[in-house]
Amino acid sequence: MFSKILNRSLSSFARQRNVWTKSREVLCPFNDIEIPKMCIQEYMFRNLDKWATKTAVTCGITNRGYTYEQVYKQSRTLGANLRNKFNIKDGDTIAIMSPNIPEYPTMLCGVLTAGAIATTLNPVYTAYEVQKLLEISNSSLIIAYPDVIPVIKKALELSRREISIIAIDIEKVRPEKTISYKELVEDGNIDTNILKQVKRRYDDISFLPYSSGTTGFPKAVELTHYNMVANCEQQNTEFRQYSYTTETHQDKLLAILPFFHSYGLGITMLHKMSAGLKLVTLPRFQPDIFLDALVKYRTNLLYVAPPIILFLGSHSQVTRDHLAHIDTVTCGAAPLPTPDIHKFLSKARDDVEFNQGYGMTEASPLVTISLKGEKFYEAAGYALPNIHLRIVDEKMNNLGPNEVGELLIQGPNVMTGYKDNPKANKEVFVDGDWFRSGDVAKIDEKGLVTVTDRFKELIKVKGLQVPPAELESVLKEHPNVLDAAVVGIPDPETGERPRAFVVLKEGVKSDDKNITEFVKERVAPYKRIKDVIFIDSIPKNPSGKILRKVLKADYCK
């Protein structure tokens, strides 16, 4: 089996083109493709007749699920009700705040079908975080899991706004002063002809996920329908990692990556549903439940971030039986050390495919990925079709093969920009539509990309972005804090964790517990600070920029 895959990979490379141009731009090893000009929800269901009765999504805990036909019909019913009962217009923004549940694809497609833009919120966010993101996105309606509705209500109080909340009351009691999601999707009397009023184009905005980019503060990323369709089509080429859905076969994917995040949204949900795969959702990572789902549902595809690979490779509870059905694994969101990969492979099937990919929210999200049959574990793969890459020095001069510099990206999957943020857009787009990734990389003669470091100062905790500037802003809200800085330090379980450096105001006293508890109330659990070091001053350069490298050198050895 493996030899066949390897031979296919090598034969593909025999047909590849020269990836380096005379101007030192790097292309995909394979030919460009044509991108359909259509909305992403239409693209997802374009082959509905082929797998209408197959399960689209099921809960890995309760086994509650929906066929593709049910998701399609319920999303249209929801979309019609959003326009009819909430007066949603083309281009309005609707927020979704929920863990991974089987209803998520229906909610998402319902929002898009109504002509609205979907913005996705992390269900562990605090009211302070939700308040900021609702204001940035200017959301006019919220669809939420019942457990997070108290947080949403507090966020609305903080912003002094009144927005209707639809509660996902499938298995939970609907909170007071909310609207029933169940009634909206099961409404048999709604006239879906109202959806003919929707006039959305392929180049209109479809999603507003959030990224901290290179500046550290959350920004809404404007992704068009075309961006999302392009990234789906780019994954259907020589880089395809799934088997085609037929009458007798359907690949199964354990959807543990959160759908609110671009990785889980674009790669595991939108793309795999567009190909007719079966998604098994888990609301959060719990070792026993995660391992049970792998065995019970015989899932063969696994898309994860490094902490899960570390868990699978190192935890004594994990045996070869748990991974017996997994034939393809893709890891992304943060670099993964080679020793951790080999620990995982020692427990997996001998013929398992292990790939690393590279991407970002601003690219919808996938940029590069490995080819089947290759074992270049330290590399992030090759540029997808229609993507051009550059490695540049500090003066934006193009560098050549194996030279290290900042990675620039151009392609149909790259965002249109950050919403209402011309300053940030000016900083990240150069030479027209070339996007500055903020990552340090090199590309070899064949186009193999290796990401070596990050220019941007984001901390990656379990693959999730933790912006130092955001935590510094929270720290400075503390009445006793004069100045603060945050850096990421290595952590064996989470990859990195934030460490705070605090300068207290003159004449006041405070301990680390007082500081950490203050931050704890205002940020999601993965952003919380556990380490606080009190210092006399924060090292900065003449322009006032925090010298994080100095802090790491002096205090993080």
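Not measured: the values here are computed from a predicted model.

S.K.: It is not clear to me how the confidence of the model for the protein should be interpreted in this structure. Could you clarify?
M.R.: Caution applies to low-pLDDT parts of the model: their predicted coordinates are not meant to be read in detail. Confidence in the prediction for the protein averages 92 pLDDT; 95% of positions are at 70 or higher. Scored below 50 in pLDDT, residues 1-15 makes 16 contacts in the model with residues more than four places away or belonging to other chains.

S.K.: Sorry if this is basic, but what is going on with helix α7 (residues 149-159) here?
M.R.: Residues three or four positions apart in an α-helix share a direction because the helix packs 3.6 residues into each turn. Looking at α7, one finds that the buried residues are I149, I152, A155, L156 and S159. Considered in projection along α7, the buried side chains sweep an arc of 115° and stay on one side of the axis. In α7, those exposed residues whose orientation departs by more than 90 degrees from the buried face are P150 and E157. On its buried face, α7 sits against β3 (93-97), α6 (127-137), β5 (141-144) and β6 (165-167).

S.K.: Looking at this model, I keep getting lost on the pairing of strand β26 (residues 481-491). Mind explaining?
M.R.: Most of β26 is tucked away, with 9 of its 11 residues classed as buried. Bridge count for β26 against strand β27 (residues 495-504) is 10 bridges, and the pairing is antiparallel. Residue pairing in the sheet places D491 in a bridge with G495 of β27. Where β26 folds back on β27, the antiparallel hairpin that results is connected by 3 residues.

S.K.: Would you take a moment to explain the pattern of salt bridges for this structure?
M.R.: Where charged atoms from two side chains of opposite charge come close, those side chains can pair. Taken as a whole and assessed by the stated rule, the structure comprises 26 salt bridges. As a salt-bridge pair, E403 and R24 come within 3.8 Å of each other at their nearest N and O atoms. Highlighted residues: E403 in the loop between β18 (388-392) and β19 (405-410) and R24 in the loop between α1 (2-14) and α2 (40-44), separated in sequence by 379 residues. Taking relative accessible area as the criterion, R24 reaches 37% and is therefore assigned partly exposed. For the salt bridge of K527 with E470, the shortest nitrogen-to-oxygen distance reads 3.0 Å. Of the two residues, K527 sits in the loop between α16 (512-520) and β28 (531-534) while E470 sits in helix α15 (residues 468-476), which places them 57 residues apart along the sequence. Its relative accessible area of 7% is what places E470 among the buried residues. Several salt bridges converge on common partners, so that one network encompasses D491, R497, R499 and D531.

S.K.: I'm lost on helix α13 (residues 338-345) in this one. Help?
M.R.: Those residues of α13 that fall on the buried side of the exposure criterion are T338, D340, I341, F344 and L345. Buried residues in α13, looked at end-on, bunch into an arc of 160°, giving them a common side.

S.K.: Could you clarify how one ought to interpret unusual backbone geometry in this entry?
M.R.: Most peptide bonds take the trans configuration, and most residues that are not glycine carry a negative phi. The omega angle of the peptide bond from S364 to P365 is 0°, so this bond is cis rather than trans. Notably, N63 is not glycine yet its phi reads approximately 70°, a positive angle. Mapped onto the fold, N63 is located in the loop between β1 (55-59) and β2 (65-67). With a relative accessible area of 46%, N63 lands in the partly exposed category. The backbone phi angle of N87 is positive, close to 60°, even though this residue is not glycine.

S.K.: Please clarify how the sheet that holds β26 should be interpreted in this entry.
M.R.: Whether parallel or antiparallel, the strands of a sheet pair through hydrogen bonds between backbone atoms. Reading across from one edge, β26-β27-β28 is the order of the 3 strands in this open sheet, with mixed pairing throughout. The open sheet has two free edges, formed respectively by β26 and β28, since each of these has just one partner strand. Pairwise comparison of adjacent strand axes, ignoring direction, gives a mean angle of 25° for this sheet. Direction of pairing for β27 relative to β28: parallel, over a ladder of 4 bridges. When the sheet's bridge partners are listed, F501 is paired in β28 with I533. In the packing of α15 onto the sheet, the strands contacted are β26 and β27, and the crossing angle to β26 comes to about 140°. Contacts from helix α17 (residues 548-555) reach β26, β27 and β28, with the element oriented near 65° to β26.

S.K.: Sorry if this is basic, but what is going on with a positive patch on the surface here?
M.R.: A contiguous patch of positive charge on the surface is contributed by K462, K520, R528 and K530. Following the sequence through the fold, K462 ends up in the loop between β24 (459-461) and β25 (464-466).

S.K.: I keep staring at the sheet that holds strand β14 (residues 328-331) and nothing clicks. Help me out?
M.R.: Across the sheet, 9 strands lie side by side as β2-β1-β12-β11-β13-β14-β15-β16-β17; this open sheet has mixed pairing. Each edge of the sheet is formed by a strand with only one pairing partner; in this case those strands are β2 and β17 (382-383).

S.K.: Looking at this structure, how should I read the packing of aromatic side chains?
M.R.: How two aromatic rings sit relative to each other is set out by the distance from centre to centre and by the angle between their planes. One pass over the structure, following the stated rule, counts 12 aromatic pairs. An angle of 65° between the planes, with centres 5.2 Å apart, marks the rings of F45 and Y72 as edge-to-face. Note that F45 is positioned in the loop between α2 and α3 (48-51) and Y72 in helix α4 (residues 68-86), a separation of 27 residues in sequence. Judged by relative accessible area, F45 falls into the buried class, the value being 10%. Here Y202 and Y226 contribute two aromatic rings whose centre-to-centre distance is 5.6 Å and whose plane-to-plane angle is 65°, an arrangement assigned as edge-to-face. Taken together, the residues Y202 in the loop between α8 (181-185) and β8 (205-207) and Y226 in helix α9 (residues 225-234) connect sequence positions 24 residues apart.

S.K.: Quick question: what am I supposed to make of the packing of helix α12 (residues 306-314) against α13 here?
M.R.: In helix packing, the relevant descriptors are the interaxial angle and the interaxial distance, both defined with respect to the helix axes. Two numbers describe how α12 lies on α13: the axes approach to 7 Å, and their chain directions differ by 50°. Overall, the two elements α12 and α13 adopt an arrangement that is oblique. Here the hand of the crossing between α12 and α13 comes out left-handed. Within the contact between the two elements, α12 uses I309, L310, L312, G313 and S314 and α13 uses D340, K343 and F344. When its residues are assigned to classes, the contact of α12 with α13 shows 4 nonpolar, 2 polar and 2 charged.

S.K.: Help me out: how do you make sense of the nonpolar core in this one?
M.R.: Soluble globular proteins tend to pack their nonpolar side chains together in the buried interior. Counting 140 residues, the largest nonpolar core has I40, L82, F207 and L389 as the members making the most contacts within it. Setting aside its immediate chain neighbours within four residues, F207 contacts I40, L108, L112, I117, A118, V221, E222, L223, M228, L265 and L270. In this structure, L291, A293, V304 and I308 belong to the second largest nonpolar core, which totals 28 residues.

S.K.: Looking at this model, I keep getting lost on the environment of Q317. Mind explaining?
M.R.: Here Q317 shows up in the loop between α12 and β14. The sequence separation of Q317 and D288 amounts to 29 residues, and the corresponding C-alpha distance is 8.9 Å. Setting aside residues up to four positions removed in sequence, Q317 forms contacts with D288, L291 and H322. Among the polar contacts listed, one links the side chain of Q317 to the side chain of D288, at a separation of 2.4 Å.

S.K.: Would you explain the state of the cysteines in this entry?
M.R.: As used in these notes, a disulfide is a covalent bond between sulfur atoms, one from each of two cysteines. Tallying each qualifying case throughout the model produces 0 disulfides. Summary of cysteine pairing: C59 is not part of a disulfide, and the nearest cysteine sulfur, belonging to C109, is at 19 Å. Residue classification places C59 among the buried positions, given a relative accessible area of 8%.

What counts and how
- Residues numbered from 1 in each chain as written.
- Predicted model: local features only at pLDDT ≥ 70, side-chain atom pairs only at ≥ 80, totals over all residues.
- Heavy atoms only, no water.
- pLDDT = per-residue confidence, 0-100.
- Contact = heavy atoms within 4.5 Å.
- Buried < 20%, exposed > 50% of the residue type's maximum accessible area, 1.4 Å probe, protein only.
- Helix = DSSP H or I, 4+ residues; strand = E, 2+ residues; numbered from the N terminus.
- Arc of directions from axis to C-beta.
- Pairing = 2+ DSSP bridges.
- Salt bridge = Lys/Arg side-chain N within 4 Å of Asp/Glu carboxyl O.
- Axes fitted to C-alpha atoms, helices over the stretch in contact; angles between N-to-C directions.
- Patch = residues over 30% accessible without salt bridge, like charges linked within 9 Å, V, L, I, M, F, W, Y side chains within 5 Å.
- Areas by Shrake-Rupley, 256 points an atom, 1.4 Å probe, with all protein chains shown as cover.
- Lys, Arg positive; Asp, Glu negative; His and termini not counted.
- Charge placed at Lys NZ, Arg CZ, Asp CG, Glu CD.
- Phe/Tyr/Trp six-rings, centres within 6.5 Å; stacked < 30°, edge-to-face > 60°.
- Parallel < 35°, antiparallel > 145°, perpendicular 65-115°, else oblique.
- Left-handed = near helix turned anticlockwise from the far one by under 90°.
- Nonpolar A, V, L, I, M, F, W, Y, C, P; charged D, E, K, R; others polar.
- Core = buried A, V, L, I, M, F, W, Y, C linked by side-chain atoms within 4.5 Å.
- Polar contact = N/O pair within 3.5 Å; in protein donor to acceptor, adjacent residues only side chain to side chain.
- Disulfide = S-S within 2.5 Å.

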